[in-house]
Amino acid sequence: VAAGLKYNFYRDVQEQLYLSAGVGYQIDLGDSDVLQDDEQLRLWVSGDKGFDKLHLGATFNYFIATDTESSFGNSDTISWHIHADYYLCKWFSPVVEFNGYHTVDEGTVAVPFNGVDVANLGGGEGEDVVTMGLGGAFRLCERVDFRAAYEFALTYNSQLFVDRITASLVYKF
């Protein structure tokens, strides 16, 4: 379970430029049997810029491990995400994304590899993972989008991340 606050400190609709920052905390209410018993302080910043139909975005996250008793290890990590989409027509936008996951401080190590965005496993310093995702956003109606992407690793030193398909249904309010 995690909660946080987001502050959109700059918004220029005319220039299609948005900047925000946030802080959050994850508490260890999860089950240690499925690697979900970590506590983390989460800090992040993000920016989005539109150029008519082209939209670019970037997010930088810093996760600070606060629980030294985690079952499978714990480490400080950073992740970054770069996104581009193009408004092709009123119902579809193709999307490309790049994502990076890096261990900053191994902390307590249980396994010798990075848990990427699945779990904080403690290991993985020098096991950086960079991925690429290709997909699209389908605008089903004014407030509902369906998004899907195929993501694959660009670095091949990950023992956890191979390929995956993600999908989401987004309700805008």
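In the block above lies the structure referred to throughout.
It should be emphasised that the depicted structure is a prediction, and the values quoted were computed from it without experimental measurement.

### Overview of a nonpolar patch on the surface
Move 1: A cluster of nonpolar residues, F51, L54, L56, Y86 and L88, forms a patch on the protein surface that exposes about 440 Å² of accessible area.
Move 2: Within the element layout of this structure, L88 appears in the loop between β5 (73-86) and β6 (92-109).
Move 3: Residue classification places L88 among the exposed residues on the basis of a relative accessible area of 52%.

### Points about the pattern of salt bridges
Move 1: According to the stated counting rule, one finds 4 salt bridges in the structure shown.
Move 2: R147 is the salt-bridge partner of D145, the closest N and O atoms lying 3.3 Å from each other.
Move 3: One salt bridge in this structure joins E151 and R164, with 2.9 Å as the shortest N-O distance. On the criterion of sequence distance, the pair formed by E151 in strand β8 (residues 144-153) and R164 in strand β9 (residues 163-171) is long-range, its members being 13 residues apart.
Move 4: Classification of E151 by relative accessible area gives buried; the value is 8%.
Move 5: One continuous salt-bridge network, built from bridges that share partners, spans D145, R147 and K172.

### Concerning the environment of G57
Move 1: With respect to the helices and strands, G57 occurs in strand β4 (residues 54-65).
Move 2: Classification of G57 by relative accessible area gives buried; the value is 10%.
Move 3: Note: C-alpha distance between G57 and H81 (24 residues apart in sequence) is 8.0 Å.
Move 4: Not counting the four nearest positions on each side in its chain, G57 is found in contact with G47, D48, H81, I82 and H83.

Reading the values: rules and limits
Residues numbered from 1 in each chain as written. Predicted model: local features only at pLDDT ≥ 70, side-chain atom pairs only at ≥ 80, totals over all residues. Heavy atoms only, no water. Patch = residues over 30% accessible without salt bridge, like charges linked within 9 Å, V, L, I, M, F, W, Y side chains within 5 Å. Areas by Shrake-Rupley, 256 points an atom, 1.4 Å probe, with all protein chains shown as cover. Salt bridge = Lys/Arg side-chain N within 4 Å of Asp/Glu carboxyl O. Helix = DSSP H or I, 4+ residues; strand = E, 2+ residues; numbered from the N terminus. Buried < 20%, exposed > 50% of the residue type's maximum accessible area, 1.4 Å probe, protein only. Contact = heavy atoms within 4.5 Å.

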